[in-house]
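# Survey of secondary and tertiary structure
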Amino acid sequence: MNDSHMRVYFDYNATTPSAPEVLDVVARVSRDQFGNASSVHHFGQQAKSVMDEARSSVAALVNADPSEVVFTSGGTESDNFALRGAADALEPSGRRHLIASAIEHEAVLNTLKALARRGWRTTLVPVDHTGVVSPERLRPLLADDTAIVSMMHANNEIGTIQPIAELAQLAHERGALMHTDAVQSVGKIPVDVRALGIDLLSLSAHKFNGPKGTGALWIKRGTRMQPVLTGGKHERNRRAGTENVPAIAGMGIAARLALGKMAGEAVRVGRLRDRLETGILTSVPGTAVNGDPSARVPNTTNISFERVEAESLLIALDLEGIAVSTGSACSSGTLEPSHVLRAMGFPPHRTQNSLRFSLGMFSTDAEVDRVLEVLPKLVEKLRGLTRKPQTVGSS
Ligand SMILES: Cc1ncc(COP(=O)(O)O)c(C=O)c1O
């Protein structure tokens, strides 16, 4: 990379840079409110009041009551807690069936596999070619022993948003709990746990400019849950372990910032994303967008490049200082085809020639310009090296 060129970070769905206000509060709380929030003395009570404030801010972001918010170590733990905690609580009732969409994050999919090894029946609901789960597809899969339905709100690879309220209604009609992994929607679009009509919601601070390694599970009041982490009486006996108070304080500030700026940011980032997307589609032949064109978070676009190996393009872009992703961060470094694009019915080559561009708080027009300047030439060069003909649309 030429040093005079800017670095471009278009991988916000993998993680976001912390907002300056977040960094300030993490440093301040680490220094000044270092007490253990369970201690009865002054230092402990100071830490507890920091946590109370953060809990209110996180609750406000999803229209919840603060008492329903349990702090966790992030989205992965929240998903594990939601599914394992509800499974443990419901197993004695005889319900041992769990349903999730085929395009869930590994935090959900691998937890399903773990429960299957324990004797649970698990079902993956197929999605349509835009990555949406239609209520008609869920309905026949629900059974009398279905305990939990887990459907992500926005998909991390393609950004598609699911009709959660309708899906939740169906789950409830059959007596099942509804969990939503909202890790990729919280902070980007309005998320209202009451309007969605769900029971459990996972969120993660580092996806909305908060610190890494902290998140929350929202548990609707009255929902039967068993703790997964057992130990002390933290988080009202729901999640044991001394809380990471500085990170939680950072998440609280990030939640407050997100709530205040969401409407404006959705428009600003959406415009940048649309300009990037249109620019790529018009300047690079043989490209197509994956996902639902309208039911989509405003920061994400996933684009297939005919006759290009996505991994090669990702590396070529990185050498130019441009950071994007081939899908979920966990699968980068491997040539595993995306399970999301596969579930959408794409042929094998298209699951391996797609790149995700995800924008956010610090994204600028200059960054979009830089990508539009560099990308077409790189694709042309890589296509020159590729002999095997491929097409975007067919197998
Ligand atoms: C949809 C979704 N769920 C869960 C996770 C896991 O969250 P965390 O990185 O906080 O463990 C991610 C992270 O990429 C995600 O995108």
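What counts and what doesn't
- Counting starts from 1 at the beginning of each chain's written sequence and moves along it residue by residue.
- Totals for whole chains, interfaces and linings use all residues, but because this is a predicted model, local features are given only for residues with pLDDT of at least 70 and pairs of side-chain atoms are given and counted only at 80 or more.
- With hydrogens and water set aside, each side-chain value is computed from the structure's full complement of heavy atoms.
- Each reported salt bridge corresponds to a side-chain nitrogen of Lys or Arg within 4 Å of a carboxyl oxygen of Asp or Glu.
- Elements are defined by DSSP. Helices are runs of H or I of four residues or more, strands are runs of E of two residues or more, and each kind is numbered from the N terminus.
- Only protein chains enter the accessibility calculation, which uses a 1.4 Å probe; a residue is then buried when its area is under 20% of its type maximum, exposed when over 50%, and partly exposed in between.
- Here a residue is near a molecule or strand as soon as one of its heavy atoms is found within 4 Å of it.
- Any pair of N or O atoms that falls within 3.5 Å is considered a polar contact. Within protein, one atom must be able to donate a hydrogen and the other to accept it, and sequence-neighbouring residues count only if both atoms are side-chain atoms.
- Every accessible area reported is derived by Shrake-Rupley at a probe size of 1.4 Å, with residue values counting cover from the shown protein chains alone.
- Each residue gets one of three labels, nonpolar for Ala, Val, Leu, Ile, Met, Phe, Trp, Tyr, Cys and Pro, charged for Asp, Glu, Lys and Arg, and polar for the others, Gly among them.
- Here a pair means two rings of Phe, Tyr or Trp (six-membered ring of Trp) with centres within 6.5 Å. Their orientation is stacked below 30 degrees between planes, edge-to-face above 60, and tilted elsewhere.
- Two thresholds decide whether a charge sits over a ring: the Lys NZ or Arg CZ must be within 6 Å of the ring centre and within 35 degrees of the ring normal.
- When DSSP finds two or more bridges between a pair of strands, those strands are recorded as paired.
- Throughout, an axis means a line fitted to C-alpha atoms (over the contacting stretch in the case of helices), and angles, computed between N-to-C directions, take values from 0 to 180 degrees.
- Only heavy atoms matter for contacts: two residues are in contact if any of them lie within 4.5 Å across the pair.
- A crossover gets the label right-handed when its path from the first strand over the helix to the second runs clockwise, viewed with the strands pointing away from the viewer.
- Should an angle fall under 35 degrees it is called roughly parallel, over 145 degrees roughly antiparallel, and 65 to 115 degrees roughly perpendicular, with every other angle called oblique.
- It is the rotation of the near helix from the far one that decides the hand of a crossing: anticlockwise by less than a right angle makes it left-handed, clockwise makes it right-handed.

## Considering the pattern of salt bridges
Summed over the entire model, instances satisfying the criterion amount to 20 salt bridges. The salt bridge involving E265 is made with R268; its shortest N-O contact spans 2.7 Å. With E265 and R268 both in helix α9 (residues 245–283), this residue pair falls 3 residues apart, about one helical turn. The exposure class assigned to E265 is partly exposed, which follows from its relative accessible area of 23%.

## Comments concerning the site of the ligand
Close contacts around the ligand come from 13 residues, with G75, T76, D181, S204 and K207 the closest. Note that an oxygen atom of the ligand is positioned 2.6 Å from one of the side-chain N or O atoms of T76. Between an oxygen atom of the ligand and a side-chain N or O atom of S204, the distance comes to 2.6 Å. About the coverage of the ligand: the protein hides 87% of its 390 Å² of free accessible area. Per-element tally for the shell around the ligand: the top contributor is helix α3 (residues 75–90), with 3 residues. Its residues assigned to classes, the shell around the ligand shows 2 nonpolar, 8 polar and 3 charged.

## Some details on unusual backbone geometry
Non-glycine residue E235 carries a positive phi angle of around 50 degrees. Assignment of secondary structure puts E235 in helix α8 (residues 234–237). Residues other than glycine seldom take positive phi values, yet R307 does so here, at roughly 60 degrees. Tracing the backbone through its elements, the reader meets R307 in the loop between β10 (300–305) and α10 (310–319).

## Considering the packing of aromatic side chains
Evaluated as defined, the whole model comprises 2 aromatic pairs. Their ring planes at 35 degrees and their centres at 5.5 Å tell us that F34 and F43 sit as a pair that is tilted. By relative accessible area, F34 is classed as exposed at 55%. In this structure F43 comes out as partly exposed when scored by relative accessible area, which is 40%. The cationic tip of R350 hangs over the ring face of F346; the distance from NZ or CZ to the ring centre is 4.2 Å.

## A word on the sheet that holds β10
The antiparallel open sheet is built from 3 strands, whose spatial order is β9-β10-β12. Sheet topology places β9 (287–290) and β12 (354–358) at the edges, where each strand pairs with a single neighbour. Averaged over neighbouring strand pairs, the angle between their axes works out to 30 degrees when direction is ignored. Bridge count between β9 and β10: 4 bridges; the pairing is antiparallel. Across the sheet, residue A288 finds its bridge partner in β10, namely S304. Lying on the sheet, α10 is in contact with β10 and β12; it crosses β12 at an angle near 45 degrees.

## Notes on the pairing of strand β3 (residues 97–101)
Walk down a regular strand and you will see the side chains alternate between the two sheet faces. Taking burial as the measure, the 5 residues of β3 include 5 buried ones, the bulk of the element. The two faces of β3 match: H97, I99 and S101 on one face and L98 and A100 on the other face are all buried. Two elements, β3 and strand β4 (residues 121–125), share 5 bridges in a ladder whose sense is parallel. Residue pairing across strands places H97 opposite R121, the latter belonging to β4. You can see the chain leave β3, run along helix α4 (residues 106–117) and come back into β4, and the turn it takes is right-handed.

## A look at the sheet that holds β3
The pairing of strands in a sheet happens through backbone hydrogen bonds and is either parallel or antiparallel. Here 7 strands make up an open sheet; going across it, the order is β2-β8-β7-β6-β5-β3-β4 and the pairing mixed. Each edge of the open sheet is held by one strand with a lone partner, namely β2 (69–72) and β4. Mean inter-strand twist for the sheet, computed between neighbouring axes without regard to direction, equals 20 degrees. Relative to strand β8 (residues 215–219), β2 runs antiparallel, the two sharing 4 bridges. Bridge pairing in β8 links V69 to W218. Contacting β5 (146–150) and β6 (177–181), helix α6 (residues 164–173) crosses the sheet at an angle of about 155 degrees to β6.

## So, the packing of α10 against helix α13 (residues 365–385)
Packing of α10 against α13 leaves a shortest axis separation of 10 Å and a crossing angle of 135 degrees. With respect to α13, the axis of α10 lies oblique. For the crossing formed where α10 meets α13, the hand is right-handed. Together, S312, L313, A316 and L317 of α10 and V374, L375, L378, V379 and L382 of α13 make up the contact between the two elements. Looking at the contact of α10 with α13 residue by residue, the classes come out as 8 nonpolar, 1 polar and no charged.

## What to know about the environment of A37
Relative to the helices and strands, A37 is located in the loop between α1 (20–32) and α2 (42–61). The class for A37 is buried, based on a relative accessible area of 10%. Taking the C-alpha atoms as reference, A37 lies 9.0 Å from H234; in sequence the two are 197 residues apart. Ignoring any residue separated from it by four or fewer positions in sequence, one finds A37 in contact with G44, A47, K48, M51, E243 and V245.

So, to be careful, I would describe these as geometric facts and stop short of saying anything about function.
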